[in-house]
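# Report on the structure
Chain residues, written in single-letter form:
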Number of protein chains: 2
Amino acid sequence: MSKQQKTAISPTRVENYPEWYQQVIRASDMAELSPVRGCMVIKPWGYAIWENISRTLDDMFKKTGVKNAYFPLFIPMSFLEKEAEHVEGFAKECAVVTHHKLEKGENGKLVPAGELAEPLIVRPTSETIIGDSFARWISSYRDLPVLINQWANVVRWEMRTRIFLRTSEFLWQEGHTVHATKKEAKERTYMMLEVYRELAETILAIPVVCGEKSESEKFPGAETTTCIEAMMQDKKALQAGTSHFLGQNFAKASDIRFQTADKTEEFGWTTSWGVSTRLIGGLVMTHGDDDGIILPPRVASAHVVLLPIIRKTGDADAVLSYTAEIAEALRQKTYHGRPVCVEIDSRQTGGARNWEWIKKGIPVRVEIGPRDMANGAVYAARRDKGHRDAVSMEKDRFIDEITSILDDIQENLFTRAKAFQDENTHLIDEKQDFDTFFTPKNQEQPEIHGGFAISHWCGSAKCEEAIKKRLNVTIRCIPQNMEQARKADPGKCIECGGPSPRRVVFAKAY
Amino acid sequence: MSKQQKTAISPTRVENYPEWYQQVIRASDMAELSPVRGCMVIKPWGYAIWENISRTLDDMFKKTGVKNAYFPLFIPMSFLEKEAEHVEGFAKECAVVTHHKLEKGENGKLVPAGELAEPLIVRPTSETIIGDSFARWISSYRDLPVLINQWANVVRWEMRTRIFLRTSEFLWQEGHTVHATKKEAKERTYMMLEVYRELAETILAIPVVCGEKSESEKFPGAETTTCIEAMMQDKKALQAGTSHFLGQNFAKASDIRFQTADKTEEFGWTTSWGVSTRLIGGLVMTHGDDDGIILPPRVASAHVVLLPIIRKTGDADAVLSYTAEIAEALRQKTYHGRPVCVEIDSRQTGGARNWEWIKKGIPVRVEIGPRDMANGAVYAARRDKGHRDAVSMEKDRFIDEITSILDDIQENLFTRAKAFQDENTHLIDEKQDFDTFFTPKNQEQPEIHGGFAISHWCGSAKCEEAIKKRLNVTIRCIPQNMEQARKADPGKCIECGGPSPRRVVFAKAY
């Protein structure tokens, strides 16, 4: 055996992190780029993850009183213009529908025809079109709160795209609520942020920092944007979900008014919040290793793959029926609200088959050969351990313990990711240390350096801008759930040295 | 009491059927038109129906081995052109994206900018864009069959729209499969048609005729289009789902080739199949009465509403807690795979509240007042019976029997609809009878006449066209599951008198 362990993914993370990411996606068979610029095809193995995320989240939303609805894909151009910051934020990158049919042109080729009187925008987000409905639905305080969510596709014409992380079209949910008071709307904003934190940490096994964005990083039109920020294995931050307190900005833009209990008229207070298929990119970059993705069991496309090994033709029937019996027993078990999902792969391709499932990141692989059968055993491997680290287990014990094995994998993935985040999070008070922290030390791996710097900031956009320009580092959030930062110890701004009321989280980001 | 029973919906079905439909939708709070031409807003009460349909159908698909995936919203114009009939069928009514941003024009108003080199079509259906992926995924017979479904929004720029029935944007699922043989693809086509029949009849309580479309009514590019056709209460047909055998047409257009077991190369055989939010329109028109929609329990947004009646302030606590206790007990019950879904409406608006729930079509309404409580009883009304037809029931018996009450309503709705379809289905062999059948008799209700005519047809498009032109009647299908039509008794074409091999179903249609 050579010293250098062979890995399934080339390049490795250390060799070339961005390329490793693309190769992991390809090897996992989760998704591919499409012939439509910046749009992806989500293949069954990837889409099943999105189904698990959306079902879990949908249940969590409904427990807080939210109901689902569906609004038009298209937004009249004039609607987008209603909120000044909003149009500013989205006009630069949107798909514009200008015609409603195709006709044969002079050379026999199709050309757009039937020009629309007013162009339509393919929704980049739906505040304005949903606001139009809300204005009709709401007339009295008795109609409030309105708590609506939509599962939908949205389009933002991104110039540089990366599969799952930044695509022109993506799938998401967008929640939109209206409240009678500012207090209630603010509470809802943080309630949904907490739902996202819970999803990220307990389902996706991704530890996150929760907090508020600075002025310059806010959602266009929001008063406050709150977010969950995760750390990827290249130590960059990924914004994994946002929840916005919109004040009365969109209520004014859409004319959402209501009569209060004491007969005065007021504008509603609104919120919006969303997560997207980007989370799948976050999963890959949090848990993947040099053999591919590792799927946390609670969100995995499938939990267990059974790999029958047939050495002689005569063994086939017995091994396959032993395998089917194990599959059936596993499927009777419930893991986290759904039946244990079992795949059987009967192709006889030797090691290649095993490696395929490693690259797909299935939590548990089980080889079943004639000898295992003779011993009433199985040969089980966990994806969160090394690929040689398989153990022979008594079959019945394996079946009995499957849900605790899955829970153990889930917990292990979270613990590992949390330790990584903690190791790479530092309180930094000196400008020079800060700059060193965010400068690659080893020119051979320029993509992996830095981390979260918890540093003082005076609050000025100028300092923020200077840091961004010099280091390509941004304020990820003013954190809430971080012990180090919560101590409100005043200090000196890391950039200008001026007085700072509190520390914030700085990082390079996706 | 006046002889004329007052109804909640005005006009009634007999007075003005199309307007009745619009008013039922409005009164049910299921959906509304949006400011975007031809697009609708699906409100929570309507969207919950779609959620129930899609979850049920998704499980049925998965049992047949189908997996979900997601493909781009946009289709390059050149893709649409690959299949000649297909582009012909969809070019006339599609949303065309020509620009990727907005900029301030001379007058300060926004104008489209960033013109695309090639226009993009918002998918009207995804055969061509999915075919592009399939061509990449498939190289050997070992890769087949490929069985994929997509839940998505699609856009067809309809000129005359009607909410749920024909809208520019609608939600649907589209299944796309590739097979190694013609036989297998044909079997899949009919397998999915059977899934749709089962959905319609056992879940939506809508009886349907299954069969094949004639040449002129086929999906653009299909070899065979099969369909389920339902009869609405105005005796018109509604195409409620289609399953297409596409032969090798799209495989050739998209270059989906595979190597066979004996090393030759062949094009794949493909199918596609879909149902849409149109089904909700079908529900309304099959089961609605002059008081509004009636939701079949297996697909209802909620099953039971509890309406506490508080006569004196002192009663409130006791009645509300008695109500909550009943709600809790009901929610412990499972109806058709999901917990009994209970709403509590505590507003004290007297009769208005009761009527609101009648118009929303909830299967069971339960009034609970101090006297009911004293007797350990509830006052329950079924939506499929008259609105005065409520009964006092012992509370525990009501809770014990809720699922059989719901099943009884489900069955009653199907039986009623089936009887209506049977009554209005006639074997017609004379041209004059045929014309009379499809001509309004009473000028006051021109919208309600006709039905399904089971008549002979020679097979020529010319006769089909003549009938369509004269009576606005089309061949709905060459039926499979209709006793009368299955007898392959040759006869004379209802139009030209020429020899006809079999009867087909004629009707006016949505």
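Keep in mind the model is a prediction, meaning the values are calculated, not measured. (Residues numbered from 1 in each chain as written. Chains lettered and ligands numbered in written order. Predicted model: local features only at pLDDT ≥ 70, side-chain atom pairs only at ≥ 80, totals over all residues.)

### Notes on unusual backbone geometry
Formally: Helix and strand assignments follow DSSP, with helices taken as H or I runs no shorter than four residues and strands as E runs no shorter than two, numbered in order from the N terminus. The exposure scheme places C-beta atoms from the backbone and then counts, for each residue, the other C-beta atoms within 10 Å of its own, assigning buried at 20 or more, exposed at 12 or fewer, and partly exposed in between.
Here the residue pair Ser10(B) and Pro11(B) is connected by a cis peptide bond, since its omega of 0° sits within 30 degrees of zero. Along the chain, the position of Pro11(B) falls in the segment before helix H1 (17-28). Of the consecutive residues Leu144(B) and Pro145(B), the connecting peptide bond is found in the cis state with omega at -5°. Mapped onto the fold, Pro145(B) is located in the loop between helix H5 (127-137) and strand S7 (146-155). With phi around 65°, Asp29(A) is a residue other than glycine that occupies positive phi space. Relative to the helices and strands, Asp29(A) is located in the loop between helix H1 (17-28) and strand S1 (31-33). Accessibility expressed as a C-beta count within 10 Å gives 16 for Asp29(A), which makes it partly exposed.

### Observations concerning the pairing of strand S24 (residues 474-479) of chain A
Residues and elements named next belong to chain A. Rules: DSSP calls a pair of strands paired once it identifies at least 2 bridges connecting them.
Counting buried positions over the 6 residues of S24 gives 5, a clear majority of the element. Taken together, the 2 bridges between strand S9 (residues 208-212) and S24 define a ladder with antiparallel strand orientation. Opposite Glu212, over in S24, you have Ile478 as the bridge partner.

### Side note on the domain arrangement of chain A
Residues and elements named next belong to chain A. Note the cut-off: Where each domain starts and ends comes from a domain assignment, either automatic or drawn from a database. Residue pairs are scored as contacts if the distance between their C-beta atoms, which are placed from the backbone, is within 7 Å. Each residue is assigned to one class: nonpolar for Ala, Val, Leu, Ile, Met, Phe, Trp, Tyr, Cys and Pro, charged for Asp, Glu, Lys and Arg, and polar for all the others, Gly among them.
Per the domain assignment, the segments of chain A are domain 1 (37-75 + 123-287), domain 2 (297-421) and domain 3 (425-507). Each of domain 1 and domain 3 has a C-alpha centre, and these two points are 27 Å apart. Between domain 1 and domain 3, the residue contacts involve 16 residues of the former and 19 residues of the latter. Of all the elements in the fold, those that place two or more residues in the side of domain 1 that touches domain 3 are S9 and strand S10 (224-231). Across the side of domain 1 that touches domain 3, the residue classes tally to 5 nonpolar, 3 polar and 8 charged.

### A short note on the interface of chain B and chain A
The partner chain A presents 45 residues to the 45 residues of chain B that form the contact. For the side of chain B that touches chain A, the element with the most residues is strand S5 (residues 96-104) of chain B, which contributes 7 residues. Its residues placed into classes, the side of chain B that touches chain A shows 29 nonpolar, 7 polar and 9 charged. Across 3 bridges, strand S5 (residues 96-104) of chain A lies against S5(B) in antiparallel orientation. Its bridge partner being in S5(B), Val96(A) is matched across the sheet by His99(B).

### Quick notes on helix H10 (residues 351-360) of chain A
Every α-helical turn comprises 3.6 residues, leaving residues that sit three or four positions apart pointing alike. Residues and elements named next belong to chain A. Of all the positions in H10, only Glu356, Trp357, Ile358, Lys359 and Lys360 are classed as buried. In this structure, the buried residues of H10 make contact with H1, helix H2 (44-63), strand S15 (304-308) and strand S19 (364-368). Gly361 occupies a position one or two residues after H10 and carries a positive phi of about 75°.

### With respect to the environment of Phe258(B)
All names here are of chain B. Looking at the secondary structure, you find Phe258 in strand S12 (residues 257-259). Residue Phe258 is classed as buried on the basis of its C-beta count, with 22 C-beta atoms lying within 10 Å. Not counting residues up to four positions away in its chain, the partners in contact with Phe258 are Ile138, Ser139, Ser140, Tyr141, Asp143, Leu144, Ala180, Glu266 and Gly268.

### Some points on the sheet that holds strand S18 (residues 342-344) of chain B
Paired through backbone hydrogen bonds, the strands of a sheet run either parallel or antiparallel to each other. Residues and elements named next belong to chain B. This is how the line gets drawn: Fitted lines through C-alpha atoms serve as axes, helices being fitted only where they are in contact, and the angles separating the N-to-C directions of these axes extend from 0 to 180 degrees.
Pairing is mixed in the open sheet, where 5 strands are placed in the order S18-S15-S19-S20-S21. Every other strand in the sheet has two partners, leaving S18 and strand S21 (390-394) as the edge strands with one partner each. Here the strands of the sheet are splayed against their neighbours by 25° on average, with no regard to which way each runs. Sheet topology note: the strand S19 (residues 364-368)/strand S20 (residues 377-382) ladder contains 4 bridges and is antiparallel. Paired with Arg365 across the strands is Ala381, a residue of S20. This element, helix H12 (residues 395-423), spans strand S15 (304-308), S19, S20 and S21 of the sheet and lies at about 135° to S21.

### Some points on the packing of helix H9 (residues 316-331) of chain B against H12(B)
All names here are of chain B. Convention followed: Note on terminology: angles under 35 degrees are roughly parallel, angles over 145 are roughly antiparallel, angles of 65 to 115 are roughly perpendicular, and the others are oblique. The hand of a helix crossing depends on one turn: near helix anticlockwise from the far one by less than a right angle means left-handed, and clockwise means right-handed.
With their axes 9 Å apart at the nearest point, H9 and H12 run at an angle of 25° to one another. As the angle between them shows, H9 and H12 are arranged roughly parallel. Crossing angle aside, the handedness with which H9 passes H12 is right-handed. Of the residues in H12, those in contact with Ile326, Ala329 and Leu330 of H9 are Lys395, Ile399 and Ile402.

### Digging into the sheet that holds strand S18 (residues 342-344) of chain A
Residues and elements named next belong to chain A. Across the sheet, which stays open at both edges, the 5 strands sit in the order S18-S15-S19-S20-S21 with mixed pairing between neighbours. Two strands lie at the open edges of the sheet, namely S18 and strand S21 (390-394), each paired on one side alone. Strand-to-strand twist in this sheet, taken as the mean axis angle between neighbours without regard to direction, amounts to 25°. Helix H12 (residues 395-423) contacts S15, S19, strand S20 (377-382) and S21 of the sheet and is inclined by roughly 135° relative to S21.

### Here's the deal with the nonpolar core
We apply this condition: To define a nonpolar core, we join buried Ala, Val, Leu, Ile, Met, Phe, Trp, Tyr and Cys residues through C-beta atoms within 7 Å and take the resulting set.
Within the largest apolar cluster, 305 residues are counted, with the highest numbers of intra-cluster contacts made by Cys94(A), Cys94(B) and Val505(B). Discounting residues that sit within four places of it in the chain, Val505(B) has contacts with Val209(B), Gly211(B), Glu229(B), Phe452(B), Ile454(B), Ile475(B), Arg476(B), Cys477(B), Pro479(B) and Ala485(B).

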